[in-house]
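Survey of secondary and tertiary structure
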Amino acid sequence: MGLFSVALTIPGWPDVVGRIEALKRNPKLRIGQSEVQAVKAMTERLSDLDDDFGGRYARPLAAAFLVNTVTPYLNADASSETQKSMLSAAAFLCYLTGWMAVDEGAHGRAQQYYVKALELAGAGGDHNTYCHVLRGMSVQAANLGHGAPAARLANAAAEAAPESTPRMRAFMAGQQAHAYALAGEKTNALTSLREAERAVNQAESQLGTFGGFSSATLAYSTAEVRHALGDTKGSVESLHDHFRLRDSTDMQRSKLIFSSLLAERQLEIGHMEAACSTWSSVLDDYPAIHSGRIDEQVKKIAPLLSPYRGNPLARQTAEKAISLTRK
């Protein structure tokens, strides 16, 4: 599956606009906008499956759809407008498949999907997806602890963004803040975080125009910045803010990931009973999720609680985690 590369070469927007390696045309297959809409609808369904059940469950389905359905569509006879629309739809599906691969823990494979998504977005003239992919690559690097590459990718995404709406500014600045904090650039991290706060406030005042980055998302970004800068107690407070502001329809996987982070940080500041309570809620929902990232977090529970094995609550939580750990 390959390993994550911090030195991965990222094609710039001018390098990918209108370009892609020669597609083998199949004159026997012609597509129109209905096929484009079908790919978009299927991508939404796959995204829902990923959110609810994890990347290990959804990525094989997405990969099969890419190979068996979308690739033939890319090679099909079509009008210029339809071809560009299909390239754009394929780019976003490829990006989503990369996101799923990250959740699996297949980081090298995820990077391959991401780079292909950049190429497809450029070929389809889809500047928005191109920027989303770069930001996704920054999230991957940040979650693996690579601060400098994460900042480089977050800045590239922000600089290339084709629009400057409050939502987009918050979406980009929140990730820049986290990446800067990991890279040890405290001033830039706090400046970006303030920009994200201003943008969220502005966006949420414009009824009907906001989506994708909310006050709950901002609270999570703030928690990550605080933790990266050494303020674990503040990070715990911000994660509590996240769950207070979180919408009941938000994805199940992120709930378990963020709850696991909260438990680890609660334990770090000495709140063992609170950590066990948080972990218990994670373990209740864990069997239904097929996520490599959550698997790794669950595997850490017993070792983290080993110094407290004399405590019945800690012992019970650790034993539950061990019993549920996937081999």
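First, a word on scope: everything that follows refers to the structure included in this document. (Residues numbered from 1 in each chain as written. Predicted model: local features only at pLDDT ≥ 70, side-chain atom pairs only at ≥ 80, totals over all residues. Heavy atoms only, no water.)

1. Here's the deal with the pattern of salt bridges
Applying the stated criterion across every chain, the model contains 17 salt bridges. Arg253 is the partner of Asp103 in a salt bridge, and the nearest nitrogen-oxygen pair spans 3.4 Å. Of the two residues, Asp103 is situated in helix α4 (residues 80–104) and Arg253 in helix α12 (residues 252–268); the sequence distance between them amounts to 150 residues. With a closest N to O distance of 3.8 Å, Glu237 and Arg226 form a salt bridge. With a gap of eleven residues between them, Glu237 in helix α11 (residues 232–245) and Arg226 in helix α10 (residues 215–228) connect regions that are remote in the sequence. The exposure class assigned to Glu237 is partly exposed, which follows from its relative accessible area of 39%. Note on Arg226: relative accessible area 29%, which makes it partly exposed. Residues joined by salt bridges that share partners form a network here, namely Asp50, Asp51, Asp103 and Arg253. (Salt bridge = Lys/Arg side-chain N within 4 Å of Asp/Glu carboxyl O. Helix = DSSP H or I, 4+ residues; strand = E, 2+ residues; numbered from the N terminus. Buried < 20%, exposed > 50% of the residue type's maximum accessible area, 1.4 Å probe, protein only.)

2. Quick notes on the side chain of Ser235
With respect to the secondary-structure elements, Ser235 resides in helix α11. Those residues in contact with Ser235, other than ones at most four positions away along the chain, are Ala223, Arg226, His227 and Arg265. (Contact = heavy atoms within 4.5 Å.)

3. Observations regarding empty space enclosed by the protein
Throughout the structure, instances matching the rule amount to two cavities of 30 Å³ or more. For the largest cavity, the calculated volume is near 70 Å³. Around the largest cavity sit Phe4, Ser5, Val6, Leu8, Ile10, Gln111, Met137, Gln140, Pro149, Arg152 and Leu153, which together line it. Contributions of two or more residues to the lining of the largest cavity are made by α6 (127–143) and α7 (147–160). The element that contributes the greatest number of residues to the lining of the largest cavity is α7, accounting for three residues. Of the residues assigned to the lining of the largest cavity, the class counts are seven nonpolar, three polar and one charged. A volume near 30 Å³ is recorded for the second largest cavity. Lining the second largest cavity, in full, are Arg25, Ile31, Tyr73, Leu74, Ala76, Ala78, Gln83 and Met86. Contributing elements (two or more residues each) for the lining of the second largest cavity: α3 (55–75) and α4. (1 Å grid on protein atoms, 1.4 Å probe; cavity = no way out; pocket = protein on both sides within 12 Å on 5 of 7 lines; lining within 4 Å. Points joined across faces, edges and corners; volume = space filled by probe spheres on them. Nonpolar A, V, L, I, M, F, W, Y, C, P; charged D, E, K, R; others polar.)

4. Comments concerning helix α15 (residues 312–324)
Along its 13 residues, α15 runs 18 Å from first to last C-alpha, staying within 8% of the 18 Å computed at 1.5 Å per residue. Burial in α15 covers these residues: Ala314, Thr317, Ala318 and Ala321. Buried positions in α15, seen along its axis, are confined to an arc of 95° and lie on one side of it. Of the exposed residues in α15, the ones pointing more than 90 degrees away from its buried face are Pro312, Gln316 and Ser323. (Expected span 1.5 Å × (residues − 1). Arc of directions from axis to C-beta.)

5. A look at the layout of surface pockets
What the second largest pocket holds in volume is close to 430 Å³. Lining the second largest pocket are 22 residues, and of these Ala142, Asn143, Leu144, Leu261 and Arg293 lie nearest its centre. Of all the elements in the fold, those that place two or more residues in the lining of the second largest pocket are α4, α6, α8 (166–182), α10, α12 and α14 (292–305). No other element matches α14, which puts five residues into the lining of the second largest pocket.

6. Overview of a nonpolar patch on the surface
A cluster of nonpolar side chains, contributed by Phe53, Tyr57 and Leu61, occupies part of the molecular surface with about 270 Å² of accessible area. Note on Phe53: relative accessible area 32%, which makes it partly exposed. (Patch = residues over 30% accessible without salt bridge, like charges linked within 9 Å, V, L, I, M, F, W, Y side chains within 5 Å. Areas by Shrake-Rupley, 256 points an atom, 1.4 Å probe, with all protein chains shown as cover.)

7. As for the side chain of Glu224
Take Glu224: it is sitting in helix α10. Within the structure, the side chain of Glu224 is placed 2.8 Å from the side chain of Arg265, a separation counted as a polar contact. (Polar contact = N/O pair within 3.5 Å; in protein donor to acceptor, adjacent residues only side chain to side chain.)

8. Regarding the nonpolar core
The nonpolar side chains of soluble globular proteins are, as a tendency, buried together. Core analysis: the largest hydrophobic core is formed by 67 residues, its most contacted members being Val70, Tyr130 and Met137. Each residue touching Val70, except ones within four places of it in the same chain, is listed here: Val39, Phe65, Ala90 and Leu93. Ranked by size, the runner-up nonpolar core spans 26 residues in total, among them Trp279, Leu283, Ile289 and Ile294. (Core = buried A, V, L, I, M, F, W, Y, C linked by side-chain atoms within 4.5 Å.)

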